[in-house]
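A closer look at the structure
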Amino acid sequence: MNVAPLNLDTLNIHDALPVLTPDNNIRVRDIVRNIDRFVIWNLKATFARNIHYEHDSYGAINDYLHSIFPPSRRFSITPQSLLREAVPAPDLSDTHSSQATNNDDSFVGNEAADTSLGPYGAYHRSRDHAGQEPGKKFIDFTASKVSATSVSVPEHTLLTFVEVKREGDNDWQSHAQMVVYMLRVWENPDRAPNFRAFLLNVREHKIIEYFFGLPGNNGQAPAVHRVDRRGVEVQAPGSHRLNGDVLTEKLANISRQFWN
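Residues numbered from 1 in each chain as written. Predicted model: local features only at pLDDT ≥ 70, side-chain atom pairs only at ≥ 80, totals over all residues. Heavy atoms only, no water.

**Observations concerning the overall build of the chain**
- Across its full length, the chain carries five helices and nine strands.
- Put simply, the chain runs from its N terminus to its C terminus through helices and strands in the order α-α-α-β-β-β-β-β-β-α-β-β-β-α.
- Of all 260 residues assigned to the chain, the portion counted as buried reaches 40%.
- Contacts in the chain between residues far apart in sequence, at least 24 positions, make up 62% of those at least 6 positions apart.
- Accessible area for the chain stands at about 14700 Å²; split by element, carbon and sulfur atoms hold 50% of it. (Helix = DSSP H or I, 4+ residues; strand = E, 2+ residues; numbered from the N terminus. Buried < 20%, exposed > 50% of the residue type's maximum accessible area, 1.4 Å probe, protein only. Contact = heavy atoms within 4.5 Å. Areas by Shrake-Rupley, 256 points an atom, 1.4 Å probe, with all protein chains shown as cover.)

Shown next, in the form of structure tokens:
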């Protein structure tokens, strides 16, 4: 079979891609059916093994998430995704840069030269600012929807994240970590409404779902709630019912909401 070579010169990243063809009939079970049999087998086999490190499960989970959030619908999965600490929006009328020196670890948050706009609509401390940036958090997997705009103005909507733990030891530490991650998500305005995130315990096949309560006064961060669930038994392609497969159902429902 002759395959024409891909000519990268014809791909102009400064032009927006065509609008996605709408598919208003997509259902959760349709998304589940499209998960390849190998992806299901590999995920189940990974869960069945006595893995020693969380990273041993990353490949199978990455394939699984890409199957639910396919790039053909302009979803993006980011392993070890960095969520940075948000800072106040800059005063764009102020064109002067910060007077901070290399020995000055302070941050002037209202000067445009000291900030950069992150992928999810929050401002962050500029990498050019002196001193080490505090508060960086690395999440195992994030899923986002990417708008096909000009490369100079990327638009991402943070849809969900999945944090992976090998087993249930130090549950309170995992919970505290998830709360910190959720509050960091709250700082980013370009996130899905009714944002949900998931802590996956690989050995125990346990899912803990996290979501926000009502916002506090004056825009204060809301409380973070959790619900313990079980069931990571991914169904075979063609299944019409999820039969307690909580994680796949939840993720596929998020995907369906942002399919178009």
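**Considerations on the packing of helix α3 (residues 58–68) against helix α5 (residues 246–257)**
- Two numbers describe how α3 lies on α5: the axes approach to 9 Å, and their chain directions differ by 45 degrees. By the angle between their directions, the pair α3 and α5 is classed as oblique. Counted together, Y64, L65 and I68 of α3 and L247, T248, L251, A252 and S255 of α5 form the full contact between these two elements.
- A per-class count over the contact of α3 with α5 returns six nonpolar, two polar and no charged. (Axes fitted to C-alpha atoms, helices over the stretch in contact; angles between N-to-C directions. Parallel < 35°, antiparallel > 145°, perpendicular 65-115°, else oblique. Nonpolar A, V, L, I, M, F, W, Y, C, P; charged D, E, K, R; others polar.)

**Describing the confidence of the model for the chain**
- Averaged over all residues, the pLDDT of the chain equals 78, while 72% of them reach at least 70.
- Looking over the chain, one finds the lowest element-wise mean pLDDT in strand β4 (residues 123–125), namely 70, and the highest in α3, namely 95.
- Below pLDDT 50 for its whole length, residues 95–110 participates in 30 contacts with residues either more than four positions away or in separate chains. (pLDDT = per-residue confidence, 0-100.)

**Remarks on the environment of S126**
- Its location among the elements puts S126 in the loop between β4 and β5 (137–147).
- For the pair S126 and D114, spaced 12 residues apart in the sequence, the C-alpha separation amounts to 5.0 Å.

**A few points about helix α2 (residues 37–48)**
- Over its 12 residues, α2 runs 16 Å from end to end, which matches the ideal 16 Å to within 8%, given 1.5 Å per residue.
- Among all positions in α2, only V39, I40, N42, L43, T46 and F47 are buried. Viewed end-on, α2 has its buried residues packed into an arc of 170 degrees, placing them on one side of the element. Residues of α2 that are exposed and point over 90 degrees away from its buried face: R37, W41 and A48.
- Those residues of α2 that are buried lie in contact with α3 and β7 (196–201). (Expected span 1.5 Å × (residues − 1). Arc of directions from axis to C-beta.)

**Quick notes on the nonpolar core**
- Grouped together as the largest cluster of nonpolar side chains are 51 residues, with contacts concentrated most on F69, F161, F195 and L251.
- In terms of residue count, α3 provides more of this core than any other element does, six residues in total.
- Residues contacting F195, with those up to four places away along its chain left out, are L158, L159, T160, F161, M182, V185, Y210, F211 and F212. (Core = buried A, V, L, I, M, F, W, Y, C linked by side-chain atoms within 4.5 Å.)

**Describing the packing of aromatic side chains**
- Enumeration according to the criterion identifies eight aromatic pairs in this entry.
- Ring centres of Y58 and F141 lie 5.2 Å apart, and the angle between their planes is 70 degrees; on these two criteria the pair is classed as edge-to-face. Here Y58 is found in helix α3, whereas its partner F141 is found in strand β5, with 83 residues between them in sequence. Considered together, Y58 and F141 belong to a single accessibility category, that of buried residues.
- An aromatic cluster is present here, built from F161, Y181, W186, F195 and F212 joined pairwise through their rings.
- Over the face of the ring belonging to F75 we find K145, whose NZ or CZ atom lies 4.4 Å from the ring centre.
- The ring centre of F211 lies 4.3 Å from the NZ or CZ of R196, which sits over that ring. (Phe/Tyr/Trp six-rings, centres within 6.5 Å; stacked < 30°, edge-to-face > 60°. Lys NZ or Arg CZ within 6 Å of the ring centre and 35° of its normal.)

**Digging into the pattern of salt bridges**
- Enumeration over the complete set of coordinates arrives at eight salt bridges.
- Close ionic contact of R184 with E187 constitutes a salt bridge, the shortest N to O distance being 3.3 Å.
- On the basis of relative accessible area, E187 is assigned to the partly exposed category, the value being 32%.
- The structure contains a network of salt bridges with shared partners spanning R27, D30 and R33. (Salt bridge = Lys/Arg side-chain N within 4 Å of Asp/Glu carboxyl O.)

**Some details on the side chain of S81**
- Relative to the helices and strands, S81 is located in strand β1 (residues 75–83).
- A residue is classified by how much of its surface remains accessible, and S81, at 4% relative accessible area, is buried.
- In terms of polar contacts, S81 uses its side chain to reach the side chain of T142, at 3.0 Å.
- Not counting the four nearest positions on each side in its chain, S81 is found in contact with Y120, K137, F138, I139 and T142. (Polar contact = N/O pair within 3.5 Å; in protein donor to acceptor, adjacent residues only side chain to side chain.)

**Some remarks on the packing of α2 against α3**
- One way to put it is that α2 packs onto α3 with a least axis distance of 9 Å and a crossing angle of 145 degrees. The hand of the α2/α3 crossing is left-handed. Each of F38, V39, N42, L43 and T46 in α2 lies in contact with α3, whose residues at this interface are A60, I61, D63, Y64 and S67. (Left-handed = near helix turned anticlockwise from the far one by under 90°.)

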